[in-house]
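# Breakdown of the fold
Spelled out from the first residue to the last, the chains are:
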Amino acid sequence: MLADHVVMDVEIVKEVDLVFGKWDNPEDMGLASAVVYDYRSDQYHFFLHEESREVLLSFLQGRICVTFNGIKFDSKVLLGNDRGVGYRGQTFQKKAYKH
C-alpha cells in the first residue's frame, strides 16, 4: 500500500537573505542535507551536501514523495536550476536560453 511512498525534507546551505530573490529563488539556496523516511524499508536515510544530490535523486526515482512544501520549495532546492517543477508536481527540463 505505502511501499512506494517516501517522506522527504531538505535543508539549505545559504541563508535566505543572502539569495537573490530570497524565498522566490530556492533553486539557488543549495542542498545542505536531506532526510527521507522510506515506508518500504521502515528506515530513515540521510543525504549530506551537494555531492549526494545525484544519489538522492536516484533513490527517489519512481517513488511517491511526500513533503510539507515540496512543489514550491523542497523539489526546487533538490532539482536546482536545470529542472523545473509544474503546479501538479511534475518535473521538466528547463530550456537553455542563448543570450
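A few points on the structure. A quick note: this is a predicted structure, and the numbers were derived from the prediction, not measured. (Residues numbered from 1 in each chain as written. Predicted model: local features only at pLDDT ≥ 70, side-chain atom pairs only at ≥ 80, totals over all residues. Heavy atoms only, no water.)

## Here we look at the nonpolar core
Put simply, the rule is: Side-chain atoms within 4.5 Å are what join buried Ala, Val, Leu, Ile, Met, Phe, Trp, Tyr and Cys residues into a set we call a nonpolar core. Only protein chains enter the accessibility calculation, which uses a 1.4 Å probe; a residue whose area is less than 20% of its type maximum is buried, one above 50% is exposed, and one in between is partly exposed. Each helix corresponds to a stretch of at least 4 residues labelled H or I by DSSP, and each strand to a stretch of at least 2 residues labelled E; elements are numbered beginning at the N terminus. Any two residues having at least one pair of non-hydrogen atoms within 4.5 Å are treated as being in contact.
By size, the foremost hydrophobic cluster in this structure holds 15 residues, and its most contacted members are V10, V36, L56 and L60. Breaking this core down by element, the ones donating at least two residues are β1 (5-12), β2 (31-38), α1 (53-60) and α2 (70-79). When residues no more than four places from it in sequence are discounted, the contact partners of V36 are V6, V7, M8, Q43, Y44, H45, F47, L56, F59 and L60.

## Digging into the sheet that holds β1
What counts is decided by this rule: The pairing criterion for strands is at least two bridges between them, as found by DSSP. Only the stretch in contact is used when a helix axis is fitted, and all axes are lines through C-alpha atoms; the angle between N-to-C directions ranges over 0 to 180 degrees.
In spatial order, the strands read β3-β2-β1-β4; together these 4 strands make up an open sheet with mixed pairing. Every interior strand has two partners, whereas the edge strands, β3 (43-48) and β4 (64-66), have only one. Averaged over all pairs of adjacent strands, the angle between their axes in this sheet comes to 25°, without regard to strand direction. Inspection of the sheet shows β1 paired to β2 by 7 bridges, in the antiparallel sense. Bridging across to β2, V10 finds its partner in A34. Set on the sheet, α1 makes contact with β1, β2, β3 and β4; between it and β2 the angle comes to about 25°. Sheet strands touched by α2: β1 and β2. Its angle to β1, the strand with the most contacts, is close to 75°.

## Regarding the side chain of R53
The line we're drawing: Polar contact is the term for a pair of N or O atoms within 3.5 Å; when the atoms are in protein, one must be able to donate a hydrogen and the other to accept it, and sequence-neighboring residues count only if both atoms are side-chain atoms.
Its place among the elements puts R53 in helix α1. With relative accessibility at 13%, the residue R53 sits in the buried group. In terms of polar contacts, R53 uses its side chain to reach the backbone carbonyl oxygen of V77, at 2.9 Å. Apart from residues no more than four positions distant in its own chain, R53 is found in contact with L31, V77, L78, L79 and G80.

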